[in-house]
Amino acid sequence: MTNKEKARERREKRMQEISLLRTIPYSDHHRWWSCDNVAVVTGSNRGIGLEIARQLAGHGLTVVLTARNVDAGLEAVKSLRDQGKFLKVYFHQLDVTDASSIREFACWIKQAFGGLDILVNNAGVNYNLGSDNSVEFAETVISTNYFGTKNMTKAMIPLMRPFPHCARIVNVSSRLGRVNGRRNRLASLELREQLSNPDSLTEELIDRTVSEFINQVKDGTWESGGWPQTFTDYSMSKLAVNAYTRLMAKELSRRGEEEKIYVNSFCPGWVKTAMTGYAGNMPPEDAADTGVWLSLVLSEEAVTGKFFAERREINF
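First things first, this report covers the structure right here in the doc. (Residues numbered from 1 in each chain as written. Predicted model: local features only at pLDDT ≥ 70, side-chain atom pairs only at ≥ 80, totals over all residues. Heavy atoms only, no water.)

## Thoughts on the pairing of strand 5 (residues 167–172)
With 6 of its 6 residues buried, strand 5 lies for the most part within the structure. Side chains of strand 5 alternate between two faces, with Ala167, Ile169 and Asn171 and Arg168, Val170 and Val172 buried alike. Across 4 bridges, strand 4 (residues 118–121) lies against strand 5 in parallel orientation. Bridging from a neighbouring strand, Asn121 pairs with Asn171 of strand 5. As a crossover connection, the stretch from strand 4 through helix 5 (residues 138–156) into strand 5 is right-handed. Where strand 5 meets strand 6 (residues 261–266), 6 bridges bridge the pair, whose relative direction is parallel. In the sheet register, Arg168 faces strand 6, and the bridge partner there is Tyr262. (Buried < 20%, exposed > 50% of the residue type's maximum accessible area, 1.4 Å probe, protein only. Helix = DSSP H or I, 4+ residues; strand = E, 2+ residues; numbered from the N terminus. Pairing = 2+ DSSP bridges. Right-handed = clockwise from strand over helix to strand, strands pointing away.)

Right, here's the structure in full:
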């Protein structure tokens, strides 16, 4: 058997395992939620976000879809309601790169529902397909994927309802953003150690790292800057998301038991969506599973600041 055939066999086995996991029901012991619990999924008019919203609504939660385009968002809500007339799904326009849009959304959530219990930061962009590695839109990618996630998280935390069950934030990320991955990692050992060490990890460090990358993109020196070599801008944005996940988990863990919010990130895999040009090897139904699992079943376990794939913890 060739290496290519072995790799295909491993992928098929992993897909079977994921599909099997999705058939395992959440037990009553873990069912802490009801239709009174609100989950917000950003960028959920299509792809993984739409599927996460569909599955959460199917479990009986009230789900708020968001999208930049109003027509696309309303059509997504209609498609979900057509699938199940009892699904409680709503839509509100949101652009995570626009501070005023985030503020307006926060006011609406507070007025309409009194707050939220789950935030899934899914909104993201990627302009590279196949073997492309252009950084033409690097600033937009960083602004959406990292700063959008960060700013949305900061705006929603005061509105989250941790009691009596811990609230949770789930960030959609990628293995491409692993600090210490064997491939596609930062060349600077010093920077990797700083980003990996909880004692040295700060918001300023994360912001400075992505700013240095953007500055090198602008002056044309990024290729010699020691940045990831595959999907460079997307990888940098997700590296920042992963680091911010760990940082927020550390900060929020200082809260009292009745104020706890768990924060985790996960890699959905290479998914058949518009972002990959539908060239992925995993359907959105399977890709969404870990995000839904993190949203629902970790209510009694203090699991926070971790990175997951296929319901298993992986290294940052």
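## Observations concerning the packing of aromatic side chains
Applying the stated criterion across every chain yields a total of 10 aromatic pairs. Each ring, one from Tyr146 and one from Phe147, has its centre 4.7 Å from the other, and the planes form 55 degrees; the classification is tilted. Accessibility expressed as a relative area gives 25% for Phe147, which makes it partly exposed. Taking the centre distance of 5.4 Å and the plane angle of 20 degrees together, the rings of Phe307 and Phe316 count as stacked. Accessibility classification places Phe307 together with Phe316 in one group, the buried group. Across from the ring centre of Tyr90, 5.8 Å away, lies the NZ or CZ of Arg81, which sits over that ring. Over the ring of Phe316 we find Arg246, and its NZ or CZ is 5.5 Å from the ring centre. (Phe/Tyr/Trp six-rings, centres within 6.5 Å; stacked < 30°, edge-to-face > 60°. Lys NZ or Arg CZ within 6 Å of the ring centre and 35° of its normal.)

## Overview of the nonpolar core
Leu116, Leu195, Ile206 and Phe213 are the most contacted members of the largest nonpolar core, which totals 47 residues. Of all the elements in the fold, those that place two or more residues in this core are strand 1 (38–41), helix 4 (99–113), helix 5, strand 5, helix 6 (189–196), helix 7 (203–219), helix 8 (232–252) and strand 6. In terms of residue count, the dominant contributor to this core is helix 8 (9 residues). Non-local contacts of Ile206, meaning those with residues more than four positions away in its chain, are made with Tyr146, Leu195, Leu201, Ala240, Ala243, Tyr244 and Leu247. The next biggest cluster of nonpolar side chains, apart from the first, holds 35 residues, and it includes Trp33, Ala76, Val170 and Ala288. (Core = buried A, V, L, I, M, F, W, Y, C linked by side-chain atoms within 4.5 Å. Contact = heavy atoms within 4.5 Å.)

## Re the sheet that holds strand 8 (residues 312–314)
If you trace the 8 strands from one edge of the open sheet to the other, you get 3-2-1-4-5-6-7-8, paired in mixed fashion. Of all strands in the sheet, those bounded by a partner on one side alone are strand 3 (89–93) and strand 8. Sheet twist, expressed as the average angle between the axes of neighbouring strands with direction ignored, equals 25 degrees. Pairing geometry for strand 1 and strand 4, over 3 bridges, is parallel. Of the residues in strand 4, the one forming a bridge with Val41 is Val120. Those strands touched by helix 5 are strand 1, strand 4 and strand 5, and its axis lies near 170 degrees from that of strand 4. Docked against the sheet, helix 10 (residues 289–296) engages strand 4, strand 5, strand 6 and strand 7 (307–309), running at close to 160 degrees with respect to strand 5. (Axes fitted to C-alpha atoms, helices over the stretch in contact; angles between N-to-C directions.)

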